[in-house]
Amino acid sequence: MQLESELLDEHIMKITLDGRLDIEGTQAIDMKFTALTATQKAAILVDMSKVSFLASIGMRTLLSCAKAASARGGKMVLFNPQPMVKDVLETSGVASLIPMTDDLAAAKELLAGVD
């Protein structure tokens, strides 16, 4: 699992995940992902387009970091998941707890107001 981050529009942190969010993949990115998402108030866009598999441990990391970001006044949006990953997010209920969209403009709108 690979993780890259960049700043979009001066206030949105874009995190791109690439690989499998299984036990090994989640362990590989957990500390850095948590540091980027859960330690400060931020508008966070998580690009899921390159995530090929999502296990329960990966869902737990997404949920705990989204909750921590929210507690600090931030917000996390999941962006453009592959069909199988999107299915898992919807079926598990994660998509009802963390906003998810396939459209970048819609993702940015969902993050509006978080500075």
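Check the entry above for the structure.
Here, residues in each chain are numbered from 1, in the same order as that chain's written sequence. A pLDDT threshold of at least 70 governs which residues receive local features in this predicted model, and a stricter bar of 80 or more applies before side-chain atom pairs are shown or counted, although totals over entire chains, interfaces and linings include all residues. The basis for every side-chain value is the complete set of heavy atoms in the structure, and neither hydrogens nor water enter the calculation.

**Quick notes on the sheet that holds strand β5 (residues 100–101)**
- Two strands make a pair as long as DSSP finds a minimum of two bridges between them. Secondary structure elements follow DSSP: runs of H or I of four or more residues count as helices, runs of E of two or more count as strands, with numbering from the N terminus. If you trace the 5 strands from one edge of the open sheet to the other, you get β1-β2-β3-β4-β5, paired in mixed fashion. Two strands close off the open sheet at either side, each with one partner strand: β1 (2–8) and β5.
- Sheet topology places β1 next to strand β2 (residues 12–21); 7 bridges connect them, and they run antiparallel. If you follow Leu3 over to β2, its bridge partner there is Leu17.
- By definition, residues are in contact when any of their heavy atoms lie within 4.5 Å. Axis angles are defined between N-to-C directions and span 0 to 180 degrees, where every axis is a line fitted to C-alpha atoms and, for a helix, only to the segment in contact. Sheet contacts for helix α2 (residues 56–71): β2, β3 (43–54) and β4 (75–79); angle to β3, the most-contacted strand, approximately 175°.
- Along the sheet face, helix α3 (residues 83–92) touches β3, β4 and β5 and points at about 115° away from the line of β3.

**Focus on the nonpolar core**
- In this structure, Leu17, Phe33, Met48 and Met76 are the most contacted members of the largest nonpolar core, which totals 25 residues.
- Secondary structure elements with two or more residues in this core: β2, α1 (23–38), β3, α2, β4 and α3.
- In contact with Leu17, not counting residues within four places along its chain, are Met1, Gln2, Leu3, Ile29, Phe33, Val46, Asp47, Met48, Lys50 and Val51.
- Counting 9 residues, the second-largest nonpolar core is a separate cluster that includes Leu8, Ile12, Ala43 and Phe79. By convention a nonpolar core is built from buried Ala, Val, Leu, Ile, Met, Phe, Trp, Tyr and Cys residues, the set being connected through side-chain atoms within 4.5 Å. For each residue, the accessible area found with a 1.4 Å probe, counting protein chains only, is set against the maximum for its type, and the residue is called buried under 20%, exposed over 50%, and partly exposed in between.

**Considering the pattern of salt bridges**
- Each salt bridge in this description consists of a side-chain nitrogen of Lys or Arg and a carboxyl oxygen of Asp or Glu lying within 4 Å of one another. On inspection of all chains with the given rule, the structure shows 4 salt bridges.
- Notably, a salt bridge pairs Lys14 with Glu6, separated by 3.9 Å at the nearest N-O pair.
- Given the relative accessible area of 40%, Glu6 is considered partly exposed.
- Between Asp22 and Arg20 there is a salt bridge, and its shortest N-O distance comes to 3.2 Å.
- Owing to a relative accessible area of 41%, Arg20 belongs among the partly exposed residues under this scheme.
- What you see here is one network of salt bridges that share partners, running through Glu6, Lys14 and Asp47.

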